[in-house]
Amino acid sequence: MRSVQAHKEVTLANALVPDPVRMAITDALGLLAAEEVQATSAVPGFAMAAIDGYAVRSVDVGGTRAIVGSHGDTAENPHPGEVRLPVVGEIPAGSQQPTRLQPKQAMRVHTGAPLPALADSVLPLAWSDKGKSFVSPLRPVGTGEFVRGVGEDINTGDVAVSPGTILGPAQIGLLAAVGRSKVLAYPRPRVSVLSVGKQLVDIDRTPGRGQVFDINSYALAAAASDAGAEVRRVGIVEGEPRRIREIIEGETIRSELLLISGAVGGASAQQIQMILEDLGEIDTTRVAMHPGSVQGFGVLGSDEVPCILLPDNTVSALVIFEVFVRPMIRAGLGKRPIERRLVKARALGPLESRVGRRGYIRARLMRDAETQDYLVEGLSGATGSPAHLLAGLAEANSYIVIPEEQPDVRPGDVVDVMFLAQG
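None of these values were measured; they are calculated from a predicted model.

A. Structural view of the confidence of the model for the protein. The share of residues in the protein with pLDDT of 70 or more is 92%, and the mean pLDDT across the chain is 90. For the stretch residues 65-77, pLDDT sits under 50, and the model shows 14 contacts to residues farther than four places along the chain or on other chains.

B. Examining the domain arrangement of the protein more closely. Taken domain by domain, the protein consists of domain 1 (4-18 + 188-333), domain 2 (30-41 + 154-186), domain 3 (46-149) and domain 4 (342-419). A separation of 27 Å is found between the C-alpha centroids of domain 1 and domain 4. With 15 residues of domain 1 at the interface, the matching set in domain 4 holds 15 residues. A combined buried area of about 1300 Å² lies between domain 1 and domain 4, and 65% of that area is made up of carbon and sulfur atoms. Looking at the side of domain 1 facing domain 4, the largest losses of area belong to Ala288, His290 and Val315, adding up to 42% of the total buried there. Those elements giving two or more residues to the side of domain 1 that touches domain 4 turn out to be strand 19 (289-290) and helix 6 (314-333). Take the side of domain 1 that touches domain 4: its biggest share by element is six residues, from helix 6.

C. Here's a closer look at the sheet that holds strand 1 (residues 21-24). An order of 1-12-2 is seen for the three strands of this open sheet, with the pairing classed as antiparallel. Edge positions in the open sheet fall to strand 1 and strand 2 (32-33), since each of these has one partner strand only. Of the strand pairs in this sheet, strand 2 and strand 12 (residues 182-186) are connected by two bridges, and their pairing is antiparallel. Paired with leucine 32 across the two strands is tyrosine 186, which belongs to strand 12.

Parameters at a glance
- Residues numbered from 1 in each chain as written.
- Predicted model: local features only at pLDDT ≥ 70, side-chain atom pairs only at ≥ 80, totals over all residues.
- Heavy atoms only, no water.
- pLDDT = per-residue confidence, 0-100.
- Contact = heavy atoms within 4.5 Å.
- Domains from an automatic or database assignment.
- Buried area = accessible area lost by both parts, 1.4 Å probe.
- Helix = DSSP H or I, 4+ residues; strand = E, 2+ residues; numbered from the N terminus.
- Pairing = 2+ DSSP bridges.

Written out as structure tokens, the structure is:
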């Protein structure tokens, strides 16, 4: 029986990263950049007002001080309250009309408006008497104050995005700022989800005697999408072996990862495994965990596309997904960390697991309002009750992880908890 850690190393070693694709920046959010993007021009490309006010020469409003005598400022540098400048025009944001400011003049400017020639600062409205024909400053402004200078944000040749950077909102904004509508990035790993089993029917049909709904392809597809993958839910695969092989072969061409539910345990699983052996190498070694011990892993086709075989029990399949599949998808996206966050929490009740297997018990993680300590309550499967019930998993927001060598937990013991946060 293979340990959880050893099996995780095997699966992660075979995780595929899609080839980079040039895509619109509107589609690149959350993806990994595959190129360096340099600015080909300065941002901003012109001196602009950083605030609503008046474009002025700082020397005209007492912002530039000279050496003074015992009586204070010189005539060239008057006190702000003694200045009255004519307002000779108004410049809105987006104006393309060239303008020029003469000494001892002001122009009304709006945030983002280009400064007229000779202006070196902006007098904010709040620092003035807000005059329309003439304006008097209430306090001085220095050279460059309330002005966004050329290249203040990005200079020509600056690196806006580096390879390996996760493209978040700020990076998308930088790409737009330097005029890039497309970027080379690694797309989301493509995951195909299939189900096998003669007892399965899709949810748009009424099950007959001995038939059940195909739950797993929907649950696993949702889990893969939540992890960040581009998901193709193939659904139930049935028919002659040759037809099944053609379907699986086709999915290896269009995917970086295959998930096949119902492919371990039972007659249908044996048939699928025989088909898969013709397409690649499949290992159905048991893993020392509970639930989800029975599973399989291998690589298919000339591109060695990883394939994970999961049981038909939904709870076991989703636990296997969290432990092994989600890290593979996150690794393909370049995300760090690739695994769920573990927190220490105090158990509110007794917990049981199997000796020699790492237990994953569905749980509800809470926080003490007074101490802010984490508390955790085990749900179905916690104390010997059936571990296969799906309703208990739907109520859970975490898994309690019980080490192989410590199968029993007493109330008050501190345990590791895998928090199932969204995203």
